[in-house]
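# Examination of the molecular architecture
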Amino acid sequence: MEFRREDSGTVSAMFEPIEVDLLRNVTSQLLQMLGSVDADDAAMLAQPAIRRLLPDAYPNDPEAADEFRRFTADGLLEGKLSNATTVLAALGDDERADASADYSTDAPAHDPLPVPIVLTEPQVQSWLRTLTDLRLVLADRLQIDPHGTPQLDDEQSHVVNDIYNWLGMVQESLVYAIDA
Amino acid sequence: MPQIEKSTRVRESVSLDRPWVTVVWDDPVNLMSYVAYVFRSYFGVTPAEAERLMLQVHNNGRAIVATGDRESMERHVEAMHGYGLWATLDRAEE
């Protein structure tokens, strides 16, 4: 997986099918989480992961911070939902795996073909932001400390940490590609 | 010369108000390359300036990335939150 800029202005990369499934999976979970946030529910907004997605704008003035959140939370959440939806759309339907199995003479089940992901400039913007949101949520789950080290060390966290690092690689590759 | 008088009055009222600043804070999640990209693409600064601001965030824990009236700074902070950066606004120090 490495994004490259095409002459047409799009950026593209070949994803392994397992990478597509992974990104689809975590992005769907993010969508669910974002969709469940009620911007008027103070207790929900106090959850650390949500708080990191919608941080205090006024660190020393809780009243002004609440007011700012009241005016911006809905729009920010809408943007994040729309970005994640855009990412999902670019990954194609979940059924693609089944569909490709129909002509399995070309693509044996044990060796699935890489999937081309082609992104326009607006799609890239959505991807960059959603990759950030995903990493912010996973960092909260891993209890990543200020030095960037996960505080959780169980087996499940190692898997999550691998995903977290992989999402960072995807994002960095995208940033370098659009800069090229 | 009413026009001159008008512009003088505007300048006075602006100077009475201490400006606001947009502050971006260091966080362990956002990649340095992404933070520099955000500064470049949103604030339209040169790559060198974006790199300087990013390193300031990284090394000092925070950087002032914009100064102006409160409304503009709120707009910047909201945009930074859209990018997933940890940003706040505050009165400029005297």
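None of these values were measured; they are calculated from a predicted model.

Rules used in this analysis
Residues numbered from 1 in each chain as written. Chains lettered and ligands numbered in written order. Predicted model: local features only at pLDDT ≥ 70, side-chain atom pairs only at ≥ 80, totals over all residues. Heavy atoms only, no water. Helix = DSSP H or I, 4+ residues; strand = E, 2+ residues; numbered from the N terminus. Buried < 20%, exposed > 50% of the residue type's maximum accessible area, 1.4 Å probe, protein only. Contact = heavy atoms within 4.5 Å. Areas by Shrake-Rupley, 256 points an atom, 1.4 Å probe, with all protein chains shown as cover. Lys, Arg positive; Asp, Glu negative; His and termini not counted. Charge placed at Lys NZ, Arg CZ, Asp CG, Glu CD. pLDDT = per-residue confidence, 0-100. 1 Å grid on protein atoms, 1.4 Å probe; cavity = no way out; pocket = protein on both sides within 12 Å on 5 of 7 lines; lining within 4 Å. Points joined across faces, edges and corners; volume = space filled by probe spheres on them. Pairing = 2+ DSSP bridges. Polar contact = N/O pair within 3.5 Å; in protein donor to acceptor, adjacent residues only side chain to side chain. Salt bridge = Lys/Arg side-chain N within 4 Å of Asp/Glu carboxyl O. Nonpolar A, V, L, I, M, F, W, Y, C, P; charged D, E, K, R; others polar. Phe/Tyr/Trp six-rings, centres within 6.5 Å; stacked < 30°, edge-to-face > 60°.

### Notes on the overall build of chain A
Counting its regular elements, chain A contains 7 helices and 3 strands. Beginning at the N terminus, the succession of helices and strands in chain A can be written as β-β-α-α-α-α-α-β-α-α. Each of the three principal axes of chain A carries a C-alpha extent, and together these read 65 × 40 × 30 Å. Counting across all 180 residues of chain A, residues that qualify as buried make up 45%. Nonlocal contacts in chain A, meaning residues at least 24 apart in sequence, comprise 68% of its contacts between residues at least 6 apart. Carbon and sulfur atoms make up 51% of the accessible area of chain A, which amounts to about 9,700 Å² in all. Placing the 12 positive and 33 negative side-chain charges of chain A at their respective mean positions leaves the two points 6 Å apart.

### Re the environment of aspartate 26 of chain B
Residue and element names in this part refer to chain B. Structurally, aspartate 26 can be placed in the loop between strand E1 (20-25) and helix H2 (32-43). Taking C-alpha positions, aspartate 26 is 16 Å from alanine 66, a pair spaced 40 residues apart along the chain. If sequence neighbours within four positions are ignored, aspartate 26 has contacts with Val57, His58, Gly61 and Trp86.

### A few points about the confidence of the model for chain A
Here chain A averages 90 in pLDDT, while 91% of its residues score no lower than 70. In the model of chain A, helix H5 (residues 96-102) of chain A stands out as the element of lowest mean pLDDT, 49, in contrast to helix H6 (residues 121-141) of chain A, which has the highest, 97.

### Some words on empty space enclosed by the protein
Tallied over the full model, the rule gives 1 cavity of 30 Å³ or more. Considering only enclosed or pocket space, the largest cavity measures out at about 30 Å³ in volume. Surrounding the largest cavity, Leu54, Pro55, Phe68, Arg69, Thr72, Ala73 and Leu76 of chain A together with His81 of chain B form its lining. For the lining of the largest cavity, the leading source of residues is helix H4 (residues 62-90) of chain A, giving 5 residues.

### Observations regarding the pairing of strand E3 (residues 115-119) of chain A
All names here are of chain A. Only one face of E3 is covered, namely the one carrying Val115, Ile117 and Leu119; the face carrying Pro116 and Val118 has none of its residues buried. Where strand E2 (residues 11-15) meets E3, 5 bridges bridge the pair, whose relative direction is antiparallel. Across the sheet, serine 12 pairs through a bridge with valine 118, a residue of E3.

### A word on unusual backbone geometry
If you check the backbone angles, glutamine 143 of chain A has positive phi at about 50 degrees while not being a glycine. Within the secondary structure, glutamine 143 of chain A is located in the loop between H6 and helix H7 (155-179).

### Notes on the environment of aspartate 69 of chain B
Residues and elements named next belong to chain B. Mapped onto the elements, aspartate 69 comes out in the loop between strand E2 (62-68) and helix H4 (70-83). Residue aspartate 69 is classed as partly exposed on the basis of its relative accessible area, which comes to 44%. Along the backbone, aspartate 69 and arginine 91 are 22 residues apart, and their C-alpha atoms lie at a distance of 9.5 Å. Among the polar contacts listed, one links the side chain of aspartate 69 to the backbone nitrogen of glutamate 71, at a separation of 3.2 Å. Engagement of the side chain of aspartate 69 in a polar contact is seen with the backbone nitrogen of serine 72, the distance being 3.0 Å.

### Brief notes about the interface of chain A and chain B
Every contact between the two is made by 34 residues of chain A and, on the other side, 24 residues of chain B. The closest approach of N and O atoms between aspartate 27 of chain B and arginine 52 of chain A, which form a salt bridge, is 3.1 Å. Summed over the shared surface of chain A and chain B, the number is 12 residue pairs in polar contact (both at pLDDT 80 or more). Within the residue set of the side of chain A that touches chain B, elements represented by two or more residues are helix H3 (48-53), H4, H6 and H7 of chain A. Here the residues of the side of chain A that touches chain B sort into 17 nonpolar, 8 polar and 9 charged.

### Some details on the pattern of salt bridges
Residues and elements named next belong to chain A. Tallied over the entire structure, the rule returns 10 salt bridges over all chains. A salt bridge links aspartate 21 to arginine 24, with the nearest nitrogen and oxygen atoms 3.0 Å apart. Separated by 3 residues within a single helix, aspartate 21 and arginine 24 lie in helix H1 (residues 17-35), roughly one turn from each other. Note on aspartate 21: relative accessible area 38%, which makes it partly exposed.

### Overview of the packing of aromatic side chains
Tallied over the full model, the rule gives 10 aromatic pairs over all chains. The interplanar angle of 80 degrees and the centroid separation of 6.2 Å between the aromatic rings of phenylalanine 15 of chain A and tryptophan 127 of chain A together place this pair among those described as edge-to-face. Of the two residues, phenylalanine 15 of chain A sits in strand E2 while tryptophan 127 of chain A sits in helix H6, which places them 112 residues apart along the sequence. By relative accessible area, phenylalanine 15 of chain A is classed as buried at 0%. On the numbers, 6.3 Å between centres and 55 degrees between planes, the contact of phenylalanine 39 of chain B with phenylalanine 43 of chain B is tilted. Of the two residues, phenylalanine 39 of chain B and phenylalanine 43 of chain B both sit in helix H2, 4 residues apart, roughly one turn of that helix. Ring-pair connections join several aromatic residues into one group, and the members of that group are Phe3, Phe15, Trp127 and Trp166 of chain A.

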